[in-house]
Amino acid sequence: MASSSGPALNEELQCSICLEVFTDPVTTPCGHNFCRTCLSKCWTDTQTCFCPLCKDTFSRRPDLKINTTLREVVQHFKEKLNLGEPEVFCDVCGERKQKAVKTCLTCPSSYCETHLEPHLSVPRLKKHKLINAVENLEDYICQKHERPLELFCRDDQTCVCLFCTEGEHRTHNTVPIEEESREKKNQLVQTQIDVHQMIQDRMKKIQEIKHSVELRKRNTEKEKSSSVELFTDLIRSIERCQSEQLKMMEEQQKAAEKQAEDLIKELEQEITELKRRNTELEQLSHTDHHLKLLQMSSSLYSRPHSKNWTEIRIDSDVNLKSLISALTELKKTLDGTLHEKLRQTGLTWAQTFAVDVTLDPDTANPQLILSEDGKQVSLGDIERNVPENPKRFEAICVLAKQGFSSGRFYYEVQVKGKTEWTLGVARESINRKGKNTLTPDDGFWTVALRNENQYFACESPPVSLSLRVKPEKVGVFVDYEEGLVSFYDVESRSHLYSFTGQTFTDKLYPYFSPCDNDEVENSNPLIISPLLD
């Protein structure tokens, strides 16, 4: 039972710095255990104390005390299993040999506590080299000179004795084994810390990726809900307009039928009256009483007065004027709502393709100043002494390190406080020496600001942009396969300009130009905004 649980318990009782069983274990405030010496070494040259395992930092250096309970458990474990090492017995004891505590590399022999006493008291023997008791003594003795291996040759990376340094290792760099062991252990400790840091960094990156996916999922669900709501409202508006128009058409039809009914009734009355008069005229036309004919009203001899029915008609065509007017107004309303929604949705969608962009110092004009993190660029007063590089621009500009030859990508740049700038993308094969014409024909897809308020897209000829708000942060989106380069005002979430129908064959790189300083008016840097935190 003990043997089966031994390795697992051994791991639980190991210091994560030296990877050995605890010696004088101490516990940090975060609950992790380390050898007191190992932890002290970790904190020797640092101002901030932190846990080597979980990286928790402590506002002040903890007052570490030995965990006595854990130390007793470790001691019990060592005594019970002896860490799996074979027992070494005293070479001097008779029949009942005692367990050896030390091995003398000079003698060479192993001794129990009783027979070790001369090596601790006799002056001549006190000079001998003692180590913890070992079984394979030959591994600690020089096979050539039969002397203790007390030194380490750094040139040949091997252990040597004192006599070896007088022969073939005479000119080599040798140090005491203890010194080399300490250095190697320090290297192991640092490597362990580095490995733990790498693990933590990768675990953090996993969390970042999971968070990004979850955030995108929430944004997608939100946009889906918003889009459904938008088009549902649109359908409802159309249905409402349709219902109102049908109702209006039905009312117009009823009015037309009523008008026709009244006109027909009036016509029938006139017909009846005319028939009556016609009968009278028929009767008079056959009489021989001349006096009677002369005595009749003169109105009988004239054409009867009647309404002019030639101008009166019922329009058989449905009056679509009001319908067209209503639909036109509806379209204007929907266009405004839809445009606003699609504008915001377009930027939100583009931002899902955000990439981490950093400036490439090998491409920067010698007068440009780049920040250490590669996120800011401004124009300096003098040219810096930089290495010659075929990628470097003579013009005042710089490219990003990251290039893209497929898919979609998006990045944002802060331009606040600047009076001139140029942003966009450029193909890899552009001319780096001399001046360039910033047009698609020459491999540039950019927008620019000049003279503080003159915005334009660098087409051939340039296209002036009428902007209601001065952008403080500009977003750049590229769809390589679709041949699309779009620019957005991030703060107002408005679309600035798009190059469409382009054909890309080279790798595309983000392009930045802070332009001339204009004394101090345009000295603010261009700043690449973080998007992936």
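Residues numbered from 1 in each chain as written. Predicted model: local features only at pLDDT ≥ 70, side-chain atom pairs only at ≥ 80, totals over all residues. Heavy atoms only, no water.

### A word on the pattern of salt bridges
Here's step 1: Summed over all chains, the structure comprises 13 salt bridges.
Here's step 2: The closest approach of N and O atoms between Glu179 and Arg154, which form a salt bridge, is 4.0 Å. Here Glu179, found in helix H6 (residues 177-285), pairs with Arg154, found in the loop between strand S8 (151-153) and strand S9 (158-160); they are 25 residues apart in sequence, far enough to count as distant.
Here's step 3: Between Glu183 and Arg154 there is a salt bridge whose closest N-O contact spans 2.9 Å. In this pair, Glu183 is assigned in helix H6 and Arg154 in the loop between S8 and S9, connecting sequence segments 29 residues apart.
Here's step 4: Three or more residues are tied together by salt bridges with common partners; here these are Arg154, Glu179, Glu180, Glu183 and Lys184. (Salt bridge = Lys/Arg side-chain N within 4 Å of Asp/Glu carboxyl O. Helix = DSSP H or I, 4+ residues; strand = E, 2+ residues; numbered from the N terminus.)

### Notes on the nonpolar core
If you look at soluble globular proteins, the nonpolar side chains tend to sit buried side by side.
Here's step 1: By size, the foremost hydrophobic cluster in this structure holds 36 residues, and its most contacted members are Tyr411, Trp421, Leu423, Val485, Phe487, Phe512 and Leu526.
Here's step 2: If near-sequence neighbours (up to four positions away) are discounted, Phe487 is found in contact with Leu423, Gly424, Trp445, Thr446, Val447, Val474, Gly475, Val476, His495, Leu496, Tyr497 and Phe499.
Here's step 3: Within the second largest apolar cluster, 21 residues are counted, among which are Leu13, Phe34, Val74 and Phe77. (Core = buried A, V, L, I, M, F, W, Y, C linked by side-chain atoms within 4.5 Å. Buried < 20%, exposed > 50% of the residue type's maximum accessible area, 1.4 Å probe, protein only. Contact = heavy atoms within 4.5 Å.)

### Observations regarding the sheet that holds strand S14 (residues 408-414)
Here's step 1: The strand order S11-S12-S23-S14-S19-S20-S21 describes an open sheet built from seven strands, whose pairing is antiparallel. At either margin of the open sheet sits one strand with a lone partner, and together these are strand S11 (368-370) and strand S21 (494-499). Averaged over all adjacent pairs, the angle separating strand axes in this sheet is 20°, with direction ignored.
Here's step 2: Relative to strand S23 (residues 526-528), S14 runs antiparallel, the two sharing two bridges. Bridging from a neighbouring strand, Val413 pairs with Ile528 of S23. (Pairing = 2+ DSSP bridges. Axes fitted to C-alpha atoms, helices over the stretch in contact; angles between N-to-C directions.)

### Describing the sheet that holds strand S22 (residues 508-513)
Here's step 1: Sheet architecture is open: six strands sit in the order S13-S22-S15-S16-S17-S18, paired in antiparallel fashion. Looking along the sheet, the strands with just one partner apiece sit at the ends: strand S13 (398-399) and strand S18 (463-465).
Here's step 2: The sheet contact formed by strand S15 (residues 421-427) and strand S16 (residues 444-450) spans six bridges and is antiparallel. Bridge pairing links Trp421 to Leu449 in S16.

### Remarks on the pairing of S22
Here's step 1: Of all six residues making up S22, six are buried, and the element is well covered by its neighbours.
Here's step 2: Inspection of the sheet shows S13 paired to S22 by two bridges, in the antiparallel sense. Each bridged residue has a counterpart across the sheet, and for Val398 the counterpart in S22 is Phe512.
Here's step 3: Direction of pairing for S15 relative to S22: antiparallel, over a ladder of six bridges.

By themselves, these figures tell us nothing about what the structure is for.
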